[in-house]
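Summary of the model geometry
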Number of protein chains: 2
Amino acid sequence: MAISVDTFFLTPDAQGTLQAQIQEMIAEGILSGRLRVGEKLPSSRKLAAHLGISRITVTLAYTELLANDYLTSRGRSGYYVSENAPVPPSYSPSQKSADTVDWSAAMVQCFSGGDTPRKPQDWRDYRYPFIYGQADASLFDHANWRLCALRALGQKDFAALTNDYFDQDDPLLVEYIARHTLPRRGISARPEEILITLGAQNALWLVAQLLLDKTRKAALEDPTYYTLRDQVVHRRCAIDCIPVDHDGLPPEAISSDTDVIFTTPSHQSPTTATMPMPRRKQLLDRAREIDAVIVEDDYEFEMSFLGAPSPALKSLDADGRVVYVGSFSKSLFPGLRLGYLVGSEPFIRQARALRANVLRHPPGHVQRTVAYFLSLGHYDAQIRRMAKVLHDRRCVIEEAVNHHNLSVAGVGVYGGSSLWMRANDGVDTAAVAQYMKAKSVLIEPGAPFFAAEHRKQNYYRLGYSSIPSNRIEPGLALLAEALHPNRAKAG
Amino acid sequence: MAISVDTFFLTPDAQGTLQAQIQEMIAEGILSGRLRVGEKLPSSRKLAAHLGISRITVTLAYTELLANDYLTSRGRSGYYVSENAPVPPSYSPSQKSADTVDWSAAMVQCFSGGDTPRKPQDWRDYRYPFIYGQADASLFDHANWRLCALRALGQKDFAALTNDYFDQDDPLLVEYIARHTLPRRGISARPEEILITLGAQNALWLVAQLLLDKTRKAALEDPTYYTLRDQVVHRRCAIDCIPVDHDGLPPEAISSDTDVIFTTPSHQSPTTATMPMPRRKQLLDRAREIDAVIVEDDYEFEMSFLGAPSPALKSLDADGRVVYVGSFSKSLFPGLRLGYLVGSEPFIRQARALRANVLRHPPGHVQRTVAYFLSLGHYDAQIRRMAKVLHDRRCVIEEAVNHHNLSVAGVGVYGGSSLWMRANDGVDTAAVAQYMKAKSVLIEPGAPFFAAEHRKQNYYRLGYSSIPSNRIEPGLALLAEALHPNRAKAG
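From a predicted model like this one, the values you see are computed outputs, not experimental measurements. (Residues numbered from 1 in each chain as written. Chains lettered and ligands numbered in written order. Predicted model: local features only at pLDDT ≥ 70, side-chain atom pairs only at ≥ 80, totals over all residues. Heavy atoms only, no water.)

Side note on the overall build of chain A
- A tally of helices and strands in chain A yields 16 helices and 15 strands.
- Summarising its shape, the C-alpha atoms of chain A cover approximately 85 × 65 × 50 Å along the three principal directions.
- Relative to its full complement of 491 residues, chain A shows a buried share of 60%.
- Long-range contacts, defined here as pairs at least 24 residues apart, represent 74% of the contacts in chain A between residues at least 6 apart.
- When the accessible surface of chain A is totalled, it reaches about 18,800 Å², and 51% of it is carbon and sulfur.
- Counting 54 positive and 54 negative side-chain charges, chain A places the averaged centre of each group 5 Å from the other. (Helix = DSSP H or I, 4+ residues; strand = E, 2+ residues; numbered from the N terminus. Buried < 20%, exposed > 50% of the residue type's maximum accessible area, 1.4 Å probe, protein only. Contact = heavy atoms within 4.5 Å. Areas by Shrake-Rupley, 256 points an atom, 1.4 Å probe, with all protein chains shown as cover. Lys, Arg positive; Asp, Glu negative; His and termini not counted. Charge placed at Lys NZ, Arg CZ, Asp CG, Glu CD.)

Re the interface of chain B and chain A
- Contact residues are listed per partner, giving 123 residues for chain B and 123 residues for chain A.
- Taken together, both faces of the contact between chain B and chain A bury some 10,600 Å²; the carbon and sulfur share is 54%.
- Sorting the residues of chain B by area buried against chain A places Trp103, Arg179 and Asn357 of chain B first, and these three jointly supply 7% of that buried surface.
- Along the contact surface separating chain B from chain A lie eight salt bridges.
- For Arg118 of chain A, the salt bridge identified is with Asp167 of chain B, shortest N-O distance 2.9 Å.
- For the pair chain B and chain A, the number of links is 57 residue pairs in polar contact (both at pLDDT 80 or more).
- Of all the elements in the fold, those that place two or more residues in the side of chain B that touches chain A are helix H4 (103–106), helix H5 (142–152), helix H6 (158–162), helix H7 (171–181), helix H8 (200–211), helix H9 (226–234), helix H11 (345–359) and helix H12 (364–375) of chain B.
- No other element matches the nine residues that H11 of chain B contributes to the side of chain B that touches chain A.
- Class assignment for the residues of the side of chain B that touches chain A results in 58 nonpolar, 36 polar and 29 charged. (Buried area = accessible area lost by both parts, 1.4 Å probe. Salt bridge = Lys/Arg side-chain N within 4 Å of Asp/Glu carboxyl O. Polar contact = N/O pair within 3.5 Å; in protein donor to acceptor, adjacent residues only side chain to side chain. Nonpolar A, V, L, I, M, F, W, Y, C, P; charged D, E, K, R; others polar.)

Some words on the nonpolar core
- Counting residues in each nonpolar core, the largest one holds 86 residues, and the members touching the most others are Phe262 and Leu341 of chain A together with Phe262 and Leu341 of chain B.
- The residues touching Phe262 of chain A, leaving out its near neighbours within four places in the chain, are Leu204, Val207, Leu212, Ala218, Ala219, Leu220, Glu221, Leu228, Val232, Leu249 and Val295 of chain A.
- If you look at the next biggest cluster of nonpolar residues, it comprises 74 residues, including Phe140 and Leu182 of chain A together with Phe301 and Phe373 of chain B. (Core = buried A, V, L, I, M, F, W, Y, C linked by side-chain atoms within 4.5 Å.)

Topic: the pattern of salt bridges
- This structure, assessed with the given rule, holds 60 salt bridges over all chains.
- In this structure, Arg461 of chain B and Glu444 of chain B form a salt bridge, with 3.1 Å as the shortest nitrogen-oxygen distance. Here Arg461 of chain B is found in strand E15 (residues 459–463), whereas its partner Glu444 of chain B is found in strand E14 (residues 444–445), with 17 residues between them in sequence. Of the two residues, Arg461 of chain B and Glu444 of chain B, neither departs from the other in class, the shared state being buried.
- Connected through shared salt-bridge partners, Arg190, Glu192, Glu193, Glu345 and Arg349 of chain A make up one network.

Notes on the sheet that holds strand E5 (residues 217–222) of chain A
Residue and element names in this part refer to chain A.
- As summarised here, the arrangement of the seven strands in space is E4-E10-E9-E8-E7-E5-E6, forming an open sheet in which the pairing is mixed. This sheet does not close on itself; its edge strands, each paired only once, are strand E4 (194–197) and strand E6 (238–243). The sheet shows a mean angle of 20 degrees between the axes of neighbouring strands, direction not considered.
- Where E5 and E6 come together, six bridges link them in parallel fashion. By the bridge assignment for E6, Glu221 is matched with Ile242.
- This element, helix H9 (residues 226–234), spans E5, E6 and strand E7 (260–263) of the sheet and lies at about 160 degrees to E5. (Pairing = 2+ DSSP bridges. Axes fitted to C-alpha atoms, helices over the stretch in contact; angles between N-to-C directions.)

Some points on the sheet that holds strand E4 (residues 194–197) of chain B
All names here are of chain B.
- Within the open sheet, the seven strands sit side by side as E4-E10-E9-E8-E7-E5-E6. Their pairing is mixed. The open sheet has two free edges, formed respectively by E4 and strand E6 (238–243), since each of these has just one partner strand. Mean inter-strand twist for the sheet, computed between neighbouring axes without regard to direction, equals 20 degrees.
- Pairing geometry for strand E5 (residues 217–222) and strand E7 (residues 260–263), over two bridges, is parallel. Across the sheet, Ala219 pairs through a bridge with Ile261, a residue of E7.

Observations concerning the side chain of Gln21 of chain B
Residues and elements named next belong to chain B.
- Its location among the elements puts Gln21 in helix H1 (residues 18–31).
- Here the side chain of Gln21 touches Gly16 through a polar contact of 3.4 Å, landing on its backbone oxygen.
- Apart from the residues lying within four places of it in its own chain, the contact partners of Gln21 are Leu10, Thr11, Ala14, Gln15 and Gly16.

Focus on helix H2 (residues 44–51) of chain B
Residues and elements named next belong to chain B.
- Within the span of H2, buried status applies to Ser44, Leu47, Ala48 and Leu51. Around the axis of H2, the buried residues are gathered within 100 degrees of arc, so they sit on the same side. Looking at H2, the residues exposed on the side facing more than 90 degrees away from the buried face are Arg45, Lys46 and Ala49.
- Where the residues of H2 are buried, they touch H1 and helix H3 (55–67).
- Positive phi shows up at Gly52, right after H2, with a value of about 70 degrees. (Arc of directions from axis to C-beta.)

Looking at the relation of the copies chain B and chain A
- Take chain B, turn it by 180 degrees, move it 0.1 Å along the axis, and it overlays chain A with an RMSD of 0.2 Å. The two molecules are tied by a two-fold rotation axis, judged by turn and shift. Closest approach to the rotation axis among the C-alpha atoms of chain B is made by Leu150 of chain B, whose C-alpha sits 3.7 Å away.
- Mapped onto chain A, 100% of the interface residues of chain B again fall at the interface, so both copies present the same surface. (Least-squares fit on C-alpha atoms with pLDDT ≥ 70 in both.)

Some points on the state of the cysteines
Residue and element names in this part refer to chain B.
- Using the criterion set out here, one finds zero disulfides over all chains in the structure.
- No disulfide involves Cys110; its sulfur sits 17 Å from that of Cys237, the nearest cysteine.
- Overall, the relative accessible area of 48% leaves Cys110 in the partly exposed class.
- Cys237 supplies the cysteine sulfur nearest to Cys241, a cysteine that is in no disulfide, at a spacing of 9.9 Å. (Disulfide = S-S within 2.5 Å.)

Some thoughts on the UniProt feature "domain: HTH gntR-type" (unreviewed entry) in chain A
- The UniProt feature table records "domain: HTH gntR-type" (unreviewed entry) at residues 16–84 of chain A.
- Note that residues 16–84 of chain A is 51% helix and 9% strand, and that its end C-alpha atoms are spaced 26 Å apart. (UniProt positions renumbered as here; feature names shortened; annotations may be inferred.)

A short note on a positive patch on the surface
- Side chains of Lys40 and Lys46 of chain A together with Arg384 and Arg385 of chain B sit close together on the surface and give a patch of like positive charge.
- Relative to the helices and strands, Arg385 of chain B resides in helix H13 (residues 378–403). (Patch = residues over 30% accessible without salt bridge, like charges linked within 9 Å, V, L, I, M, F, W, Y side chains within 5 Å.)

Observations concerning the packing of H8 of chain B against H11 of chain B
Residue and element names in this part refer to chain B.
- Look at H8 against H11: their axes get within 10 Å of each other, and the N-to-C directions meet at 110 degrees. When the interaxial angle is binned, H8 and H11 end up roughly perpendicular. For the element pair H8 and H11, the recorded crossing hand is right-handed. Within the contact between the two elements, H8 uses Asn202, Trp205, Leu206, Val207, Gln209, Leu210 and Leu211 and H11 uses Phe347, Gln350, Ala351, Leu354, Arg355, Val358 and Leu359.
- In terms of residue class, the contact of H8 with H11 is made up of ten nonpolar, three polar and one charged. (Parallel < 35°, antiparallel > 145°, perpendicular 65-115°, else oblique. Left-handed = near helix turned anticlockwise from the far one by under 90°.)

A closer look at the side chain of Arg235 of chain A
- Its location among the elements puts Arg235 of chain A in the loop between H9 and E6.
- No salt bridge is formed by the buried Arg235 of chain A; the nearest opposite charge belongs to Asp213 of chain A, separated by 5.9 Å.
- Those residues within four positions of Arg235 of chain A in sequence are excluded, and the remaining contacts are Ala208, Gln209, Leu212, Asp213 and Lys214 of chain A together with Val108 of chain B.

A few points about unusual backbone geometry
- Residue Pro223 of chain A follows Asp222 of chain A across a cis peptide bond; omega there is 0 degrees.
- Residue placement: Pro223 of chain A occurs in the loop between E5 and H9.
- Cis geometry is found at the peptide bond from Ser269 of chain B to Pro270 of chain B, where omega equals 5 degrees.
- Within the secondary structure, Pro270 of chain B sits in the loop between E7 and helix H10 (277–290).
- In this model, Asn405 of chain A sits at a positive phi of 55 degrees, which is unusual for a non-glycine residue.
- Tracing the chain through its elements places Asn405 of chain A in the loop between helix H13 (378–403) and strand E11 (407–410).
- With a phi angle near 65 degrees, Ser440 of chain A is a residue other than glycine that sits in the positive phi range.

Shown next, in the form of structure tokens:
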């Protein structure tokens, strides 16, 4: 590869002769790893013209670098970075000078920290990945996804690929969601009531921006999805973290000064509890009584392989009080970053304006590819295939959990892709998770799901969406051995 | 297409017999457009099992709908939506009931309105599109883009496609930007100093969140990119809108209580002025003196076909005081939604945490496709090809502008893709733009670029990145006729 002449600049106030400056510039480029072995330098004529200096100066600098083994020459074809030049392991340019800006004073709010844990990027390298929410290569219909993506790259879809939609979305995708996806949840919505988002998390973020500030109060389930809690905390509003029971969020525990209620009725996150129909109505009644808005995160409704899911809370909403959040991240893959928000038109109008201000719109190609994958029926076929495999894994994991005397704290009645587990009191599952990693077992510690005031250390989540059936039992055997060392030895 | 049984629900408190409810549900589905002519209904056995009711009830409902011409039957194959059923023009479910939520009271901030204008999505249907920032199909290397996208869809890249990167980015793309893109701007940065964003607009938004609130003051160029002004206005900070001159932002006009300076030194947006080197140094000195952060939006630096661009302000920044924003939207296409932010590590760490909270990460496939397109050299080849064509169009548009006595208010010395124009005092270019649309000429009114207090109605922008050379003169002839009717008649 030839090194572009555009990457060479003379620093206006540099010390030393021009020749020395050029030598230093090239040597520094090689030492920092920016210029790599075998790459070709610009010709002396070209570099001289680019820098506006005499060609002889460049030639002399090159000759000197040749003598010092930074460069080699290959006859008339020019100068190359030498194999003998010192090579750093990877590109890491040296810091020019220390920052004089006090960034902690310059920034108005801190967003790092919070409860969202870091997760291993290399989970595929582990033998027993009881992780949650990543795509299983063996379940994803990669071939048809490629075909749909390719079709969306075609000449006919050039506008859908390249256009700036500003605050709009792919009309094909919106139409499909309105006509086919939402009716399955009992929801009817017009296109003006639907907004495509960068994943469900982005949808929840938009909602928190629009409905919360320091004058408002939010009710969160406890435990809950930690990133949602981070999002709400950043709004500096009052927060009630309400302990859930086996039926999910208890409506009577919601205080009357609450403005926004966040809930996951289909599969409570992370306990997987399903809210029964009578409680759904009580929740709607309670929200009406105190004039609060309900935000329903309906993630994983597609994973209902044990029975038809209940209709969404939104489908029972006669007041337009429920804002509904859907996602394709679980059923397709999380790297897709695509979800949607359904709500009353005045609300969606503001969410659309905010989204346009923050990022304009989710990339056109991603939207069109999903529209094809849905409308050609591949999505439904994939859901059916996944449901079958997840059902099988669910049977295997339940049996293994019983066999090894592990305690289930929560399990989805319609399906889902994880179990919510409890270890003995006093066990710190974060330490257990760390220990199990060395044995190639990945489990998810439960503490980050709990609000600080009720944080419990002895819960954990077992995901079964990315682990093959035949690895489940041996993985849990290792876990049981760590959790109950005496019992395992006795048995 | 068969209609999924999952889309049928009985409403718990519905009036009337079960049979009537089913009839109503189907009729409503047809009337609203959700169920389309020729679509097949679930069998009576399946629907009855799904709803948990007797099969005869479903059969009676179907028979009634058949008699009323909503459905037809095709022998033993089942029931279909009839061709004679009333068909609405498009899917628009009826509103169930009026919203009882007072959304204007429920929402804490309003994001709609603002200065960002709506632009025509159908610009390709116009003969003379002097628009800005949309992709020209004839200039984009669609074939190689497809190849790169396809490669990024391959088995080897499955993790890059599907993985949840959480707060991280595609390491290939970051590495390429660090090694090849930034050095062309004289910038050296380590991966920890680079964040990939959902377009440059998203990068600017992140910066505004981190650095501004009601205790801070921002300096904006005037005129400026309207969406940036909207973003800054939403932060509720103090704002100075500083009139630019032919060299861009004048440093001496920046008041000493300014915290953040937003500037576009390469091509001032929209006047296209290039800030000369001495002023860049003055600007850095001024920022150091008042301890302000500079945000450099280096959009369009690739469009420097008239001469090598000046190194970025960031390359002269010894203090770590400059936050740099780059974009691929102009050089590739805006529907891509990909840009990047370069700054000091403590700043980028917070920007990364905020981005993760808002949307996690830009989709993996988009990042990997760009990484391939860049590293295989297609990007550089495309830039060279675009530069050649834009240079040609620039010559044509300058000649046509002179020929028709149109007034240029600003023109980029290194290139760019637009001219900043001035009509006579008293001319409202918004009205002119509206009038020209009917003649298939699209121009962009200039008023939204100006802050409200100095808003001028007689400026406009002529983009030449999406109009073929041979359409430029005839398009400007029509415009000149509208702007100078007497002169045109005289000539």
